[in-house]
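Single-letter residue listing:
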Amino acid sequence: GMNEGLPASNFSMILSSARSIKILKNAREYLTVNSLAKTSDKAVGKPIAGGSDIEGPLDVAAAAEYTGGYKPTRLLVMGSSSFITDAMVNGYTKNGLVYFLVAMNWMSDKTDDLYIAPKVFDKRSIDLSQLQADIAGGVVTGLIPLLILGTGLFVWTRRRHL
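**Let's talk about helix H3 (residues 130-160)**
Since one α-helical turn is 3.6 residues long, residues separated by three or four positions face the same way.
Working step 1: In this model, H3 (31 residues) spans 44 Å end to end at C-alpha, consistent with the 45 Å of a helix rising 1.5 Å per residue.
Working step 2: The sharpest bend along H3 measures roughly 40° and falls at Val139.

Laid out in structure tokens, this is it:
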């Protein structure tokens, strides 16, 4: 199925303001419909036309595959498009981008393609007091250039008197 291409078994995404999808019973052999993503059982669905709330878990992503034609046709239905927005990808998680890539590969029948996650580099910082920062700044902008200048003058005067 489509979810087989995902990098981990505990893969999670943020689907904000998602609409749930109702998968109807299907009796056709050539049509396969599978739920790909569900909410937790704490989710509550609000009917558009009013009425009582729908208790979770709710389907928020489904895949359909039609094999009754010349070539198989694949369709992916998502209850939200927020998982692929710049704000979500840059601010929270890149899992939506990974999911989108895997979905596009599945729909175009490129299931042999692999997704290799980029390395995550640690962000390292140095905590300095104002005094330590002033000393480090003085050494870098004052003492080190003076040492280089002094060494240059020493070598120049030694060579001049040869």
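Here the narrative resumes, following the displayed structure.
**Examining a nonpolar patch on the surface**
Working step 1: A cluster of nonpolar residues, Leu131, Ile135, Val139, Val140, Leu143, Ile144, Leu147 and Ile148, forms a patch on the protein surface that exposes about 770 Å² of accessible area.
Working step 2: Judged by relative accessible area, Ile144 falls into the partly exposed class, the value being 40%.

**Observations regarding the sheet that holds strand E1 (residues 31-38)**
Working step 1: Strand order across the open sheet formed by 3 strands is E1-E4-E5, with antiparallel pairing between neighbours. In the strand order of this sheet, the two ends are held by E1 and strand E5 (73-78), each with one partner. Taking each pair of neighbouring strands and ignoring which way they run, the sheet shows an average axis angle of 15°.
Working step 2: Relative to E5, strand E4 (residues 59-66) runs antiparallel, the two being bridged by 6 bridges. Its bridge partner being in E5, Ala63 is matched across the sheet by Leu76.

Scoring rules and cut-offs
- Residues numbered from 1 in each chain as written.
- Predicted model: local features only at pLDDT ≥ 70, side-chain atom pairs only at ≥ 80, totals over all residues.
- Heavy atoms only, no water.
- Helix = DSSP H or I, 4+ residues; strand = E, 2+ residues; numbered from the N terminus.
- Expected span 1.5 Å × (residues − 1).
- Bend = angle between axes of the 7 residues up to and from the residue.
- Patch = residues over 30% accessible without salt bridge, like charges linked within 9 Å, V, L, I, M, F, W, Y side chains within 5 Å.
- Areas by Shrake-Rupley, 256 points an atom, 1.4 Å probe, with all protein chains shown as cover.
- Salt bridge = Lys/Arg side-chain N within 4 Å of Asp/Glu carboxyl O.
- Buried < 20%, exposed > 50% of the residue type's maximum accessible area, 1.4 Å probe, protein only.
- Pairing = 2+ DSSP bridges.
- Axes fitted to C-alpha atoms, helices over the stretch in contact; angles between N-to-C directions.

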